[in-house]
Amino acid sequence: MDRKEFIRTSALAISGFYFLHSELFRAAERKNLQIKENFDVPIVIIGSGYGGAVSALRLCEAGKKVILLEMGLNWEKAGIPFSNLLKPGKSSAWLKKKSIAPFMNIFPLTPFTGTLDRLDFESINIWVGRGVGGGSLVNGGMAVTPKENYFKEVFPNLDAEKFYNYYFPLVHKELKVNIISEQFLKDCPYYKFTRVGEKEAHKAGFKTIRVPNVYDFRYMEKEFRNEVPRSALNTEVIYGNNYGKNSLDKTYLKKALDTGNLEILDLHRVDTIRMNTDKSYTLQVQQTDTAGTTIAHKIFNCKKLVLSAGTMGTLQLLLHSNAIHDLPLHKHIGKNWGNNGNFMTGRNWVKPLSGGTGARQSTIPVGGIDNWDDAEHPFFTEIAPLPMGMDVATALYLLINRVDKKGEVYYDPTNQSLKLNWDKSNTVKMRENARYFIRKMNQANGGTRSHFLFHNGFGADICYHPLGGCVLGESTDEYGKLKGHENLYILDGSLIPGTIGVNPFVTITAIAEYCIENLIRKNEFSV
Ligand code: FAE
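This one's a predicted model, so the numbers in the text were calculated from it and none came from an experiment. (Residues numbered from 1 in each chain as written. Predicted model: local features only at pLDDT ≥ 70, side-chain atom pairs only at ≥ 80, totals over all residues. Heavy atoms only, no water.)

Some points on the sheet that holds strand β3 (residues 116-120)
Taken together, three strands build an open sheet; the order of strands is β3-β4-β19 and the sheet is mixed. Of all the strands in the sheet, just β3 and β19 (462-463) have a single pairing partner and so form its edges. (Pairing = 2+ DSSP bridges. Helix = DSSP H or I, 4+ residues; strand = E, 2+ residues; numbered from the N terminus.)

This is how it looks when you write it as structure tokens:
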């Protein structure tokens, strides 16, 4: 079938497969009509982050026609540039009136369907990516493979050998992971913050590691030589990168689209999922414009549903649909949730007499401090950039700790919203580790805890890595099929039980590859 051909289904949806084209929707959009439509499709994926992108590619390669519904914008198609950290604009926040970075939110905004969203709970704020590419649009691109011992501890039932010999290398290749050249790192003034951070860490007795990334470092070298437009060297990252970063729209999703079997509908937010008597699903979907206004209500009926809305999005959909439509849920849904041990902290007065951490900083982190094997204070931390356009002699760190006490996500029917059982008691050990780390760094190098950042220098409430709640093998079978369902699969960060010890997208991608490969092998998607 010609994918340009649009077939509109009748309100009484005719069964069978209809591949959608958006021309009619666009026409309606232009006239600002509230249209109501009903579609029958075989396979729907919700969400275009890591889990959704992997599922889309492998299903399309297997010859399946797939519709991917994404609530965020297709930025490439829209042709709207991403903003940088110093001048937040359209891409900088999801429908907010003010910027929502972890600090310095002094910038007023006109609400727009931006790339970065923040979900505020009582004791924790969770940042997520929105748009075609999900979290890959806003993240720092750090592509870290977990420590094998810890991977085995977190996933005792998975074949670690196969992951380390096959899935992780596969994911590195598909995501275009590469490593900065040591010479460039040594010479480039934009990496002073890393050089200082590593030197200080060594002086304090810590071990450092080089961190691979999906940002194309050869492009960055050209940026530095002014041969190409600047992105990482122009403070672009958490509001999107205009160049250089191999986000999912340039890797998995591009490959999936090239098969001709994928249709991505952006600005399509799924509100509820209902299971029908024949075990298929009906999705209630709202199409919005970039101001967040609903321009169409749509119903999608699908035989197979892949839920890849990210940990919080997936939990929201499952728990809300359970409350509204009695969607059957396993008793473990929402349990075994964690913040991946995220704990932000920083130090002031870092080498103030010798240029500090540098006035100009690349936004792409390449250094990490690995203290994971310390029995008393196990943590890994990124040596994070703080590109403020001037030298603030401040070092920023995102610690990743074990999660000794897991949380739970549940649904509050009164406010029709998610709630999180998570408070100070969940982060006690993380705080201890941060305190230990900062003290040791300051003793060896001078400096103070950065009392002006976060809460007196400690950001226990900052979470970039929500994980868990639909844990693989607990509320799903061994390949992500939700227990109690025949046709619903969870493929995203919610499969990981709250912790993985490093930045998580390499693991999320590898687990998704493993699950979808086996689901396809078992003919789960023969519709
Ligand atoms: P995710 O990438 O979040 O994608 C879910 C998608 O579903 C999003 O596009 C949503 O808009 C969409 N969606 C949600 N609800 C709906 C709905 N109802 N209807 C339609 N669409 C929906 O999921 N990790 C690393 O490994 N390295 C890093 O350097 C790193 N840096 C980060 C920096 C920041 C600022 C942030 C916020 C995160 C960072 N992460 C990093 C975390 C990483 O991006 C995250 O773990 C993954 O993106 C999660 O992947 P998922 O596939 O679970």
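Alright, that's what it looks like, and here's the rest.
Looking at empty space enclosed by the protein
According to the stated counting rule, one finds one cavity of 30 Å³ or more in the structure shown. Around the largest cavity, the lining is made up of 13 residues, and of these Phe193, Thr357, Ile383, Ala395 and Leu396 lie nearest the centre. Mapped by element, the contributors of at least two residues to the lining of the largest cavity are α7 (192-203), β13 (379-384) and β14 (395-401). A per-element tally of the lining of the largest cavity places α7 first, with four residues. For the lining of the largest cavity, the residue count by class is eight nonpolar, four polar and one charged. (1 Å grid on protein atoms, 1.4 Å probe; cavity = no way out; pocket = protein on both sides within 12 Å on 5 of 7 lines; lining within 4 Å. Points joined across faces, edges and corners; volume = space filled by probe spheres on them. Nonpolar A, V, L, I, M, F, W, Y, C, P; charged D, E, K, R; others polar.)

Some remarks on helix α11 (residues 428-445)
The end-to-end C-alpha separation of α11 is 26 Å, in line with the 26 Å expected for 18 residues at 1.5 Å each. Met430, Asn433, Ala434, Tyr436, Phe437, Ile438, Met441, Asn442 and Asn445 are the residues of α11 that are buried. Positive phi appears at Gly446, one or two residues downstream of α11, with a value of about 85 degrees. (Expected span 1.5 Å × (residues − 1). Buried < 20%, exposed > 50% of the residue type's maximum accessible area, 1.4 Å probe, protein only.)

Here we look at the confidence of the model for the protein
Of the residues in the protein, 93% have a pLDDT of 70 or more, and the chain-wide mean is 93. This model gives residues 1-25 a pLDDT under 50, and the stretch forms 61 contacts once residues within four places in sequence are excluded. (pLDDT = per-residue confidence, 0-100. Contact = heavy atoms within 4.5 Å.)

Examining the pattern of salt bridges
The full count for this structure, using the stated rule, is 25 salt bridges. The salt bridge involving Glu153 is made with Arg402; its shortest N-O contact spans 2.9 Å. Placement of the pair is Glu153 in helix α4 (residues 148-154) and Arg402 in the loop between β14 and β15 (408-412), with a sequence separation of 249 residues. Of the residues examined, Glu153 reaches a relative accessible area of 46% and is grouped as partly exposed. The salt bridge partner of Lys254 is Asp258, with a shortest N-O separation of 3.3 Å. (Salt bridge = Lys/Arg side-chain N within 4 Å of Asp/Glu carboxyl O.)

Things to note about unusual backbone geometry
When glycine is set aside, most residues are seen to have a negative phi, and most peptide bonds are trans. One non-glycine residue, Thr235, adopts positive backbone phi at about 55 degrees. Looking at where Thr235 falls in the secondary structure, it is placed in the loop between α8 (217-224) and α9 (252-258). The backbone of Asn523 shows a phi angle near 60 degrees, a positive value even though the residue is not glycine.

A word on the packing of aromatic side chains
To describe a pair of aromatic rings, one takes the distance between the centres and the angle between the planes. Applying the stated criterion across every chain yields a total of 31 aromatic pairs. For the ring pair Tyr166 and Tyr167, a centre distance of 4.8 Å and an interplane angle of 65 degrees mean the geometry is edge-to-face. Relative to Phe525, the ring of Tyr489 lies with its centre 4.9 Å away and its plane at 40 degrees, an arrangement referred to as tilted. With Tyr489 in strand β21 (residues 488-490) and Phe525 in the segment after α12 (505-521), this pair connects stretches of sequence that are 36 residues apart. You'll find Tyr489 and Phe525 in the same group, each marked buried. Members of the aromatic cluster, joined through ring pairs, are Phe151, Phe155, Phe163, Tyr164, Tyr166, Tyr167, Phe168, Tyr479 and Tyr514. Looking at Lys440, its charged tip hangs above the ring of Phe206, at a distance of 4.8 Å from the centre. (Phe/Tyr/Trp six-rings, centres within 6.5 Å; stacked < 30°, edge-to-face > 60°. Lys NZ or Arg CZ within 6 Å of the ring centre and 35° of its normal.)

Things to note about the site of the ligand
Around the ligand, a shell composed of 36 residues is seen, among which Glu70, Gly135, Met142, Gly493 and Phe505 lie nearest. A distance of 3.0 Å separates an oxygen atom of the ligand from a polar backbone atom of Gly51. Within the backbone of Met142, one N or O atom sits 2.9 Å away from a nitrogen atom of the ligand. Considering the ligand on its own, with 1,000 Å² of exposed area, one finds that the protein chains cover 94% of that surface. Among the elements of the structure, α2 (50-61), β4 (125-129), β7 (268-275), α10 (310-325) and α12 are those that each provide at least two residues to the shell around the ligand. Among the elements that take part in the shell around the ligand, β7 stands out by supplying three residues, more than any other. When the residues that make up the shell around the ligand are grouped by side-chain class, the tally is 15 nonpolar, 17 polar and four charged. (Near = heavy atom within 4 Å. Polar contact = N/O pair within 3.5 Å; in protein donor to acceptor, adjacent residues only side chain to side chain. Areas by Shrake-Rupley, 256 points an atom, 1.4 Å probe, with all protein chains shown as cover.)

Details of the environment of Phe107
In this fold, Phe107 is placed in the loop between α3 (75-78) and β3. The sequence separation of Phe107 and Ala393 amounts to 286 residues, and the corresponding C-alpha distance is 23 Å. Beyond its immediate chain neighbours, meaning those up to four positions away, Phe107 contacts Leu85, Leu86, Pro88, Lys97, Lys98 and Ser99.

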